[in-house]
Amino acid sequence: MPAEAVVPVPTGVDTLTSLEAVEALAREEGWGSFVVVSDPSHQARIRHMAIALGLETVGSPTQDGRGSTLTPWSVVRETLGMVQWVVVERHGVEPTST
């Protein structure tokens, strides 16, 4: 992917608020699809959140740096995060993309 195609969105304090900022920018810019870059253990949850917001995404897990190695702790943390997302947070999220 060419460097000029990468648009960092430094808004948000967590995954959901960051994705909401991406969704707003996508509407403004007319973007249709996205590559979501995140830790391997975080890919399922971030993509699930993106889909709930109506964002068409593919995942690209990081391959180096902090969080790029799957550990028992990262799997447990993300599993619990996914349960919280599905049971608690997701119900207040409505897709806004068209």
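Predicted, not measured: the structure shown is a model, and the values here were computed from it.

Calculation criteria
Residues numbered from 1 in each chain as written. Predicted model: local features only at pLDDT ≥ 70, side-chain atom pairs only at ≥ 80, totals over all residues. Heavy atoms only, no water. Core = buried A, V, L, I, M, F, W, Y, C linked by side-chain atoms within 4.5 Å. Buried < 20%, exposed > 50% of the residue type's maximum accessible area, 1.4 Å probe, protein only. Helix = DSSP H or I, 4+ residues; strand = E, 2+ residues; numbered from the N terminus. Contact = heavy atoms within 4.5 Å. Salt bridge = Lys/Arg side-chain N within 4 Å of Asp/Glu carboxyl O. Patch = residues over 30% accessible without salt bridge, like charges linked within 9 Å, V, L, I, M, F, W, Y side chains within 5 Å. Areas by Shrake-Rupley, 256 points an atom, 1.4 Å probe, with all protein chains shown as cover.

S.K.: I tried to follow the nonpolar core on my own but got confused; where do I start?
M.R.: Across soluble globular proteins, you tend to see nonpolar side chains buried next to one another. Counting residues in each nonpolar core, the largest one holds 14 residues, and the members touching the most others are Leu 16, Leu 19, Leu 53, Leu 55, Trp 85 and Val 93. Counting residues per element, the ones that place at least two in this core are α1 (15-29), β1 (33-38) and α2 (43-52). Leave out the neighbours within four places in its chain, and Leu 19 touches Ile 46, Met 49, Ala 50, Leu 53 and Leu 55.

S.K.: For this particular structure, what's the right way to read the pattern of salt bridges?
M.R.: Pairs can form between side chains of opposite charge whenever their charged atoms are close. Taken as a whole and judged by the stated rule, the model has three salt bridges. A salt bridge links Glu 23 to Arg 27; the nearest nitrogen and oxygen atoms lie 2.8 Å apart. Placement of the pair is Glu 23 and Arg 27 together in helix α1, with a separation of four residues, close to one helical turn. A relative accessible area of 4% places Glu 23 in the buried class.

S.K.: Hey, could you run me through a nonpolar patch on the surface in this one?
M.R.: The grouping of Met 1, Val 6, Val 35, Val 37 and Val 58 at the surface amounts to a nonpolar patch, some 500 Å² of accessible area in total. As for its placement among the helices and strands, Met 1 is situated in the segment before α1.

S.K.: Help me out: how do you make sense of the side chain of His 42 in this one?
M.R.: Counting through the fold element by element, His 42 comes out in the loop between β1 and α2. Its relative accessible area of 8% is what places His 42 among the buried residues. The contacts of His 42, once residues within four sequence positions are left out, are Thr 15 and Glu 78.

S.K.: Please clarify how the environment of Gly 30 should be interpreted in this entry.
M.R.: Mapped onto the secondary structure, Gly 30 falls in the loop between α1 and β1. In this structure Gly 30 comes out as exposed when scored by relative accessible area, which is 61%. Considering only alpha carbons, one finds Gly 30 and Thr 71, 41 residues apart in sequence, at a separation of 38 Å.

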